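# A closer look at the structure
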Amino acid sequence: QVQLLESGGGLVQAGGSLRLSCAASGSRYSINAMGWYRQAPGKQRELVARITSGGSTNYADSAKGRFTISRDNSKNTVYLQMNTLKPEDTAVYYCNAVVISRNAWGQGTQVTVSS
C-alpha cells in the first residue's frame with residue numbers, strides 16, 4: 001500500500017513562498033500521476049496541480065503563474081513550489097498519488113498565509 005509523507009507547510013506572510021514535498025513509499029507498482037489538492041475550512045477539496053509520470057502538468061487557474069509542480073521519479077517525490085502566496089491560499093494541502101487507477105492520500109500539511 002502506498003504511503004505518502006508530506007512536509008513543508010507552515011505560516012508565511014502574504015507575498016512569501018513555501019515549498020511542499022511529498023515522498024511516496026511502499027508501492028509495488030509504478031506511480032502514475034502525483035499531485036496536490038487543498039481544502040480550506042468549509043470548502044470542498046480542490047485540485048491545485050498535478051503531474052504525470054511523463055512530466056505533463058496541469059494547474060488550477062488560481063495556481064497558474066505562481067505555483068510550480070515538479071517530480072523526481074527516481075525518488076517517487078513530488079514538489080510544489082508556491083510563490084506570491086495570498087491569504088486565500090490558506091488551506092490544508094494534501095498529496096495525492098495514483099497507482100493502478102487507485103488514489104492514495106497523504107495526511108495533509110497546513111499552509112497558513114497571513115495578510
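Residues numbered from 1 in each chain as written. Predicted model: local features only at pLDDT ≥ 70, side-chain atom pairs only at ≥ 80, totals over all residues. Heavy atoms only, no water.

### Topic: the pairing of strand S4 (residues 34-39)
For S4, the buried fraction is high: five of the six residues fall into the buried class. When S4 meets strand S5 (residues 46-51), the two strands line up antiparallel, connected through five bridges. For Met34, the partnering residue across the bridge sits in S5 and is Ile51. Hairpin connection between S4 and S5: a loop of six residues separates the two successive antiparallel strands, and Gly42 in this loop has a positive phi of roughly 80°. In terms of strand pairing, S4 meets strand S9 (residues 91-99) through six bridges, oriented antiparallel. Residue pairing for S9: Met34 is matched across the bridge by Ala97. (Buried < 20%, exposed > 50% of the residue type's maximum accessible area, 1.4 Å probe, protein only. Helix = DSSP H or I, 4+ residues; strand = E, 2+ residues; numbered from the N terminus. Pairing = 2+ DSSP bridges.)

### Details of the side chain of Arg38
Within the secondary structure, Arg38 sits in strand S4. The class of Arg38 is buried, set by a relative accessible area of 7%. Only 3.3 Å separates the side chain of Arg38 from the side chain of Ser62, close enough to count as a polar contact. Within the local environment of Arg38, its side chain forms a polar contact with the side chain of Tyr93, the two groups lying 2.9 Å apart. Beyond its immediate sequence surroundings of up to four residues, Arg38 is in contact with Gln44, Arg45, Glu46, Val48, Ser62, Phe67, Glu88, Asp89, Ala91, Val92 and Tyr93. (Polar contact = N/O pair within 3.5 Å; in protein donor to acceptor, adjacent residues only side chain to side chain. Contact = heavy atoms within 4.5 Å.)

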